[in-house]
Amino acid sequence: MSLFKQRAAIQDALIHWYASSKRPLPWRTQPSLYRTVVSELMAQQTQIKTMLPYFERWIQRFPDFKALAEAPSEEVLKHWEGLGYYSRARNLHKLAQVYVNMDPKPSTAAEWKTLPGIGPYTSAAISSIAQNYPAAVVDGNVVRILARLSNDTREFKNNGDAVKQLTPLADKLFNEQHPGDHNQAIMELGATICRPNGRPLCEDCPLEDVCEAKKHSMQMVLPFQSKKAK
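As a starting point, this report considers the structure included with it. Counting from 1, residues in each chain are numbered in the order their sequence is written. Restriction of local features to residues with pLDDT of at least 70 applies here, the model being predicted, together with a cutoff of 80 or more for giving and counting side-chain atom pairs; totals for whole chains, interfaces and linings are based on all residues. In computing side-chain values, all of the structure's heavy atoms are included and hydrogens and water are not.

### Quick word on the side chain of Ser123
In step 1: Strands are runs of DSSP state E lasting at least 2 residues, helices are runs of H or I lasting at least 4, and numbering of each runs from the N terminus. Mapped onto the fold, Ser123 is located in helix H9 (residues 120-131).
In step 2: A polar contact of 2.9 Å, which involves the side chain of Ser123, links it to the backbone oxygen of Pro120.
In step 3: Every residue pair with non-hydrogen atoms within 4.5 Å of one another is taken to be in contact. Those residues in contact with Ser123 that lie beyond four places of it in its chain are Ala109, Trp112, Lys113 and Ile118. For the purposes of these results, a polar contact is taken to be a pair of N or O atoms within 3.5 Å, where, inside protein, one atom must be able to donate a hydrogen and its partner to accept one; residues adjacent in sequence count only when each atom of the pair is a side-chain atom.

This is the structure in structure tokens:
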């Protein structure tokens, strides 16, 4: 049976698993558009456990777009100090300055992608999670899940190639009725259960029964990336 024929079962399993198993992260327990934007940019190239104290400190000093937009750049960079990749802080500052002057405000993935520091993944994440816009996210976690679910044994040149090749499958399995929860669920699953480097916790996975890689004992090695990419 193809994955698409099991689409509804996959969607339901993800939503129910996420409702009971999601981590109580601060942008989930107190959700807002601004908190979603900050968390998504902070999480780029940084592990969640590392960024958590920085996120809390950032929100205390810059609680909304207006406060961030009006802050001196030196103070913005000071509050980012230790997270590295400072272009993210500069982009977040510029984004806030652009956002407060926008009318109308961005509400679709395409509109978010016009703002500083926002690419295809981030625009889909922000618009779906905070604004219920139907756009599927595809990052490294999602690539790993989709490759294993479909037992995709192709060798991808790099992560960008994998994202491109697996985006059609992400779109096919996407839950348009619950876009934000679906995206957060599949990202959470990749971060906590369907882990990389041969460490998946298959016995705890809500999609174990439909996982083609598990059926063929390939879940420990997929997805394949070229040696050069690694």
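### Side note on helix H4 (residues 48-61)
In step 1: Here H4 is 14 residues long and its end C-alpha atoms lie 20 Å apart, about the 20 Å a rise of 1.5 Å per residue gives.
In step 2: One axis is fitted to the seven residues ending at the residue and one to the seven starting there. The bend at that residue is the angle between these axes. The largest bend in H4 comes to about 25°, at Tyr54. An expected span of 1.5 Å times one less than the residue number is assigned to each helix.

### Topic: the packing of helix H6 (residues 73-80) against helix H7 (residues 87-100)
In step 1: For the pair H6 and H7, interaxial distance at closest approach is 9 Å and the crossing angle is 135°. By the angle class used here, H6 and H7 are oblique. H7 is crossed by H6, and the crossing has right-handed handedness. Packed against H6, whose contacting residues are Ser73, Val76, Leu77 and Trp80, the element H7 presents Arg88, Ala89, Arg90, Leu92 and His93 at the interface.
In step 2: Classifying every residue of the contact of H6 with H7 gives five nonpolar, two polar and two charged. Comment: axis = line fitted to C-alpha atoms, over the contacting stretch for helices; angle = value between 0 and 180 degrees taken between N-to-C directions. Any angle that is under 35 degrees is reported as roughly parallel, and any over 145 degrees as roughly antiparallel; angles of 65 to 115 degrees are reported as roughly perpendicular and all others as oblique. Two helices cross in a left-handed way if the nearer one is turned anticlockwise from the farther one by less than a right angle. They cross in a right-handed way if the turn is clockwise. Three classes are used, and their members are as follows: Ala, Val, Leu, Ile, Met, Phe, Trp, Tyr, Cys and Pro are nonpolar, Asp, Glu, Lys and Arg are charged, and the others, Gly among them, are polar.

### Some thoughts on the pattern of salt bridges
In step 1: For salt bridges, the criterion is a side-chain nitrogen of Lys or Arg within 4 Å of an Asp or Glu carboxyl oxygen. Using the criterion set out here, one finds eight salt bridges in the structure.
In step 2: Salt-bridge contacts for Arg23 lead to Glu188; the nearest nitrogen and oxygen are separated by 2.8 Å. Linking Arg23 in the loop between helix H1 (7-21) and helix H2 (26-29) with Glu188 in helix H12 (residues 179-192), this pair joins segments that are 165 residues apart in sequence.
In step 3: Connected via shared salt-bridge partners are Arg23, Arg28 and Glu188.

### Observations concerning the nonpolar core
In step 1: Here, nonpolar core means buried Ala, Val, Leu, Ile, Met, Phe, Trp, Tyr and Cys residues that are tied together by side-chain atoms lying within 4.5 Å of each other. Only protein chains enter the accessibility calculation, which uses a 1.4 Å probe. A residue is then buried if its area is under 20% of the maximum for its type, exposed if over 50%, and partly exposed in between. Membership of the largest hydrophobic core comes to 38 residues, with the highest contact counts inside it found for Ile10, Val142, Leu146, Leu149, Leu189 and Leu207.
In step 2: Elements with a minimum of two residues in this core: H1, H9, helix H10 (140-149), helix H11 (159-173) and H12.
In step 3: Not counting the four nearest positions on each side in its chain, Leu189 is found in contact with Leu14, Trp17, Ile145, Cys194, Cys205, Pro206 and Leu207.
In step 4: One finds Met42, Trp58, Ile59 and Ala69 within the second-largest nonpolar core, a separate group that totals 30 residues.

### Structural notes on the packing of aromatic side chains
Aromatic ring pairs are described here by two measures, namely the spacing of the ring centres and the angle between the planes.
In step 1: The rule is short: rings of Phe, Tyr and Trp, with Trp giving its six-membered ring, pair when the centres are within 6.5 Å, and they are stacked under 30 degrees, edge-to-face over 60, tilted in between. The final tally for this structure, using the stated rule, is six aromatic pairs.
In step 2: Centroid distance Trp27 to Phe55: 5.0 Å. Interplanar angle 70°. Geometry classified as edge-to-face. You can see Trp27 sitting in helix H2 and its partner Phe55 sitting in helix H4, a full 28 residues away along the chain.
In step 3: Since its relative accessible area comes to 0%, Phe55 is described here as buried.
In step 4: Consider the rings of Trp58 and Trp80, whose centres lie 5.5 Å apart with planes at 80°: the pair is edge-to-face. Here Trp58 is found in helix H4, whereas its partner Trp80 is found in helix H6, with 22 residues between them in sequence.
In step 5: Judged by its relative accessible area of 0%, Trp58 falls in the buried class.

### Description of unusual backbone geometry
In step 1: The linkage connecting Asp103 with the following residue, Pro104, adopts the cis geometry, with an omega of 5°.
In step 2: Of the consecutive residues Leu222 and Pro223, the connecting peptide bond is found in the cis state with omega at 0°.
In step 3: Here Pro223 shows up in the loop between helix H13 (212-215) and strand E2 (224-225).
In step 4: In this structure, Gln45 is a non-glycine residue whose phi angle is positive, near 65°.
In step 5: Take Gln45: its relative accessible area is 55%, and that puts it in the exposed class.
In step 6: Phi angles above zero are rare outside glycine, and Asn132 is one such case at about 60°.
In step 7: Summarising the element assignment, Asn132 is placed in the loop between H9 and H10.

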